[in-house]
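What the coordinates show
For reference, the chains in residue letters:
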Amino acid sequence: MVLLVLICTQVFLGCKRRDVRLTTRAQKERKEMPALLANDVNTLISDSGVVRYKIIADEWKVFDRLDPSRWTFEKGVYLEKYKNDLSIEATVVADTAYYFDKEELWELRGNVHIENELDEQFDTQLLFWNQKTRKVYSDQYIRIRQQKRIITGIGFVSNQEFTNYTIKQTQGIFPIKEEQMAPADSIK
């Protein structure tokens, strides 16, 4: 019995509580932390009760206290823009996207690929979409594949439907028929 008491005393004394302090890294300032972090996003955005956009992204962060406040899609984004009848007006894919909510401005970066309802394809590395002015623009190289030709250039301005656009510093190969060419002696 005495032996049992000695063993129990040793066990209880051996289990003496030790002060353990847990530490963690300091948190960033609140403004640098997202107010919203969502993974595997597949959502519809409406305006005045009408569905306007579909967003698919691996990760969506909303920074409401940064100046300017913004949404970030740093792991890529896929967007569909809808007409009033919900048919797709344009699709947009980019490696990275930022949406500045107060300015209603999208900044799309890296392998930006757009397709419009006319089956034209637009490829660039940087594109801005201002929803207030309903304009899309870039000062970077752009390649546009149309039905019968490919046009390239540096700089681009378009309506947000990608159906009425101007390319600055245009380059490209335009097929023409020989009978459309002027005779060599008529060129001055």
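Source: prediction; values computed, not measured.

Description of the pairing of strand 6 (residues 96-100)
The buried count for strand 6 comes to five of five residues, which makes it a mostly enclosed element. In this sheet, strand 6 lies alongside strand 3 (residues 70-73) in antiparallel orientation, the contact comprising three bridges. The partner of tryptophan 71 across the bridge, within strand 6, is tyrosine 99. Of the strand pairs in this sheet, strand 6 and strand 7 (residues 105-116) are connected by five bridges, and their pairing is antiparallel. Bridged to tyrosine 98 within strand 7 is glutamate 107. Remark: four residues form the turn of the hairpin made by strand 6 and strand 7, two consecutive strands paired antiparallel; glutamate 104 in that turn has positive phi of roughly 55°.

Focus on the nonpolar core
One finds Phe73, Val77, Trp106, Leu108 and Phe156 to be the most contacted residues of the largest nonpolar core, which totals 31 residues. For this core, the leading source of residues is strand 2 (residues 50-63), giving five residues.

Describing unusual backbone geometry
Cis geometry marks the peptide bond from aspartate 67 to proline 68, where omega comes out at 5°. Tracing the backbone shows proline 68 in the loop between strand 2 and strand 3. Unusually for a residue other than glycine, phenylalanine 162 sits at a positive phi of about 60°. Tracing the sequence through the fold places phenylalanine 162 in the loop between strand 10 (150-159) and strand 11 (165-167). For glutamine 169, which is not glycine, the phi dihedral falls at a positive 45°. Tracing the sequence through the fold places glutamine 169 in the loop between strand 11 and strand 12 (170-173). By relative accessible area, which is 59% here, glutamine 169 ends up exposed.

Remarks on the environment of tryptophan 71
Topologically, tryptophan 71 is positioned in strand 3. Along the backbone, tryptophan 71 and proline 34 are 37 residues apart, and their C-alpha atoms lie at a distance of 9.0 Å. If sequence neighbours within four positions are ignored, tryptophan 71 has contacts with Ile55, Trp60, Lys61, Val62, Ala97, Tyr98, Tyr99 and Asp101.

Section: the side chain of threonine 72
Turning to its location among the elements, threonine 72 is positioned in strand 3. Sequence-distant contacts of threonine 72, defined by excluding residues within four places in its chain, comprise Glu59, Trp60, Lys61, Phe63, Ala97 and Tyr98.

A word on the packing of aromatic side chains
Applying the stated criterion across every chain, the model contains 13 aromatic pairs. Ring centres 5.2 Å apart and planes at 85° place the aromatic pair phenylalanine 122 and tyrosine 165 in the edge-to-face group. Here phenylalanine 122, found in strand 8 (residues 121-130), pairs with tyrosine 165, found in strand 11; they are 43 residues apart in sequence, far enough to count as distant. Here phenylalanine 122 falls in the buried class, since its relative accessible area comes to 0%.

Considerations on the confidence of the model for the chain
In low-pLDDT segments, the atomic positions of the prediction should not be examined closely. Within the chain, residue pLDDT values average 84, and 77% of them lie at 70 or more. At the level of individual helices and strands, the chain shows its lowest average pLDDT in helix 1 (residues 2-14), which scores 49, and its highest in strand 6, which scores 97. Below a pLDDT of 50 lies the segment residues 2-6, which in the model reaches zero contacts outside its immediate sequence neighbourhood of four places, other chains included.

What counts, and at which threshold
- Residue indices begin from 1 for each chain and proceed along its sequence in written order.
- For this predicted model, a pLDDT threshold of at least 70 governs which residues receive local features, and a threshold of 80 or more governs which side-chain atom pairs are given and counted, while totals over whole chains, interfaces and linings are taken from all residues.
- Water and hydrogen atoms were dropped before computing side-chain values, which therefore reflect all heavy atoms in the structure.
- When a residue's accessible area, from a 1.4 Å probe over protein chains only, is under 20% of the maximum for its type it is buried; when over 50% it is exposed; and in between it is partly exposed.
- Helix numbering and strand numbering both begin at the N terminus, where a helix is a DSSP run of H or I of at least 4 residues and a strand a DSSP run of E of at least 2.
- By the convention used here, strands pair only if DSSP detects at least 2 bridges between them.
- Residues grouped as a nonpolar core are buried Ala, Val, Leu, Ile, Met, Phe, Trp, Tyr and Cys residues, joined through side-chain atoms within 4.5 Å.
- Residue contacts are defined here by distance: any two heavy atoms, one from each residue, within 4.5 Å place the two residues in contact.
- Ring pairs are drawn from Phe, Tyr and Trp, using the six-membered ring of Trp, whenever the two centres fall within 6.5 Å, and their geometry is named by plane angle: stacked under 30 degrees, edge-to-face over 60, tilted for the rest.
- The pLDDT value expresses, per residue, how confident the predictor is, ranging between 0 and 100.

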